[in-house]
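Chain by chain, the residues:
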Amino acid sequence: MTATTGTPWTIEAIRALGVTTGVETAGAILGIGRSKAYALAKRGKFPVRVLRVGRNYVVPVPEILELLGVRAVT
């Protein structure tokens, strides 16, 4: 599944992303568009923690799940 498929994200699909995901995918999961997601990340206002790794932003998947009210590990 990609950030732009329009397919609804399921909890299983989010968990399958692994430990981290990109800002674009995290934004899609949370209903935030690509441009807005990057703007929020750059300003430190993204709804969950965003890590800067070189020139890339990554988002911890367990924090997305926590924001959605789902236990990260079953």
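Described below are features of the structure shown in this document. Quick caveat: nothing in here was measured; it's all calculated off a predicted structure. (Residues numbered from 1 in each chain as written. Predicted model: local features only at pLDDT ≥ 70, side-chain atom pairs only at ≥ 80, totals over all residues. Heavy atoms only, no water.)

Description of the packing of helix α2 (residues 23-30) against helix α3 (residues 34-43)
Selection rule: Axes here mean lines fitted to C-alpha atoms, for a helix over just the part in contact, with angles spanning 0 to 180 degrees between N-to-C directions. Secondary structure elements follow DSSP: runs of H or I no shorter than four residues count as helices, runs of E no shorter than two count as strands, and numbering proceeds from the N terminus. Here is the rule for angles: anything less than 35 degrees is roughly parallel, anything more than 145 is roughly antiparallel, 65 through 115 is roughly perpendicular, and the remaining ranges are oblique. Left-handed describes a crossing whose near helix is turned anticlockwise from the far helix through less than a right angle; right-handed describes the clockwise counterpart. Should any heavy atoms of two residues lie within 4.5 Å, those residues are counted as being in contact. Note on residue categories: nonpolar means Ala, Val, Leu, Ile, Met, Phe, Trp, Tyr, Cys or Pro, charged means Asp, Glu, Lys or Arg, and polar means any other residue, Gly included.
Where α2 contacts α3, the two axes come as close as 9 Å, and the packing angle between them is 115°. One element, α2, and the other, α3, form an angle in the roughly perpendicular class. Read as a crossing pair, α2 and α3 show a hand that is right-handed. Where α2 approaches α3, its residues V23, E24 and G27 are matched on the opposing element by R34, A37, Y38 and A41. Its residues assigned to classes, the contact of α2 with α3 shows 4 nonpolar, 1 polar and 2 charged.

Some points on the pattern of salt bridges
Here is the rule: One speaks of a salt bridge when a side-chain nitrogen belonging to Lys or Arg is within 4 Å of a carboxyl oxygen belonging to Asp or Glu. For every residue, the accessible area obtained with a 1.4 Å probe (protein chains only) is divided by the maximum for its type, and the residue is called buried under 20%, exposed over 50%, and partly exposed between those limits.
The full count for this structure, using the stated rule, is 2 salt bridges. Among the salt bridges present, the one from R34 reaches E24, with a minimum N-O distance of 3.4 Å. Of this pair, R34 sits in helix α3 while E24 sits in helix α2; the two residues are 10 residues apart in sequence, bridging distant segments of the chain. Between E63 and R49 there is a salt bridge, with its nearest N and O atoms 2.5 Å apart. You can see E63 sitting in helix α4 (residues 61-67) and its partner R49 sitting in the loop between α3 and β2 (51-53), a full 14 residues away along the chain. Of the residues examined, R49 reaches a relative accessible area of 45% and is grouped as partly exposed.

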